[in-house]
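Read off the chains here:
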Amino acid sequence: FLSKFLGCEVPSLFARGCTLIDTPGVLSGRKQTEDRLYSYEDVVRWFAPRADLILLMFDAHKVDISDEFKRVIEVLQGHDDKVRVVMNKADSLSPEELLRVNSALSWSLSRILRSPESRRVYVGSFWDAPLRHGNFLNPLFESEAVALL
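The following refers to the structure shown. Sequence order as written defines the numbering, with residues in each chain counted from 1. Totals for whole chains, interfaces and linings use all residues, but because this is a predicted model, local features are given only for residues with pLDDT of at least 70 and pairs of side-chain atoms are given and counted only at 80 or more. Remark: hydrogens and water are excluded; side-chain values derive from all non-hydrogen atoms of the structure.

### Some remarks on the packing of aromatic side chains
In summary, the pairing rule links any two rings of Phe, Tyr or Trp, Trp by its six-membered ring, whose centres are within 6.5 Å, and it sorts them by plane angle into stacked for under 30 degrees, edge-to-face for over 60 and tilted for everything else. With the rule as written, the count across this model stands at two aromatic pairs. Centroid distance Trp46 to Phe47: 5.0 Å. Interplanar angle 85°. Geometry classified as edge-to-face. Only protein chains enter the accessibility calculation, which uses a 1.4 Å probe; a residue is then buried when its area is under 20% of its type maximum, exposed when over 50%, and partly exposed in between. What makes Trp46 partly exposed here is its relative accessible area of 47%. The rule for a charge over a ring is simple: NZ of Lys or CZ of Arg within 6 Å of the ring centre, and within 35 degrees of the ring normal. Here the guanidinium or amino end of Arg50 rests over the ring plane of Trp46, the centre of that ring lying 3.8 Å away.

### Focus: the sheet that holds strand S3 (residues 121-123)
At least two bridges found by DSSP between two strands are what make those strands a pair. Helix numbers and strand numbers start at the N terminus; a helix is a DSSP run of H or I with at least 4 residues, a strand a run of E with at least 2. Across the sheet, which stays open at both edges, the three strands sit in the order S1-S2-S3 with parallel pairing between neighbours. The open sheet is flanked by strand S1 (54-59) and S3, the only strands paired with a single partner. Going from strand to strand, the sheet's axes swing by 30° on average, the running direction of each strand aside. Inspection of the sheet shows strand S2 (residues 83-88) paired to S3 by three bridges, in the parallel sense. Paired with Met87 across the two strands is Val123, which belongs to S3. Helix axes are fitted only over the stretch in contact, all axes being lines through C-alpha atoms; the angle between N-to-C directions runs from 0 to 180 degrees.

### A word on the pairing of S1
Note: S1 against S2, six bridges, orientation parallel. Bridge assignment links Leu55 to a residue of S2, and that residue is Arg84. A crossover gets the label right-handed when its path from the first strand over the helix to the second runs clockwise, viewed with the strands pointing away from the viewer. Running through helix H3 (residues 67-75), the crossover from S1 to the neighbouring parallel element S2 is right-handed.

### Focus on the pairing of S2
Counting buried positions along S2 gives five out of six residues, so the element sits mostly inside the fold. Read from S2 through helix H4 (residues 95-113) to S3, the crossover connection turns out right-handed.

### Quick word on the packing of H3 against H4
For the pair H3 and H4, interaxial distance at closest approach is 10 Å and the crossing angle is 60°. In this view, H3 runs oblique relative to H4, as classed from their interaxial angle. The handedness of the crossing between H3 and H4 comes out as right-handed. Only Leu109, Ile112 and Leu113 of H4 make contact with H3, whose side of the interface consists of Lys70, Ile73 and Glu74. Small angles under 35 degrees read as roughly parallel and large ones over 145 as roughly antiparallel, with 65 to 115 read as roughly perpendicular and the rest as oblique. Each crossing gets its hand from how the near helix is turned against the far one by less than a right angle, where anticlockwise is left-handed and clockwise is right-handed. In what follows, a contact means two residues having at least one pair of non-hydrogen atoms within 4.5 Å.

In structure tokens:
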């Protein structure tokens, strides 16, 4: 893993005083995970106790949970106070689609986390482009971004 690890400095008020680690993400399919040459779960297991905040990012258009992602989520159990589930690109969905996708993601997570409480899913659009114009849910997305951090 360390042979593939890269670093950079970014002049950002948001990032001042913190270290962000953006992992390459989880893969699906046995061939992809075997070609990685290191255990992604072991990397997560090492970083988790050292992190102050762990974001599990889901694309609103791809909320299925691969076997590897399931194992990563299981590794993170015990660090529940640090873990935030985030659905990105939510502003690209209609309100009906957002409700359906959020419910599907919550249901999938409940099968893995086995908790009496459902996990909060933060919804929004977390990139440098403005929120989609005209979406009446934009105030929700903006408040979710504030609540997330």
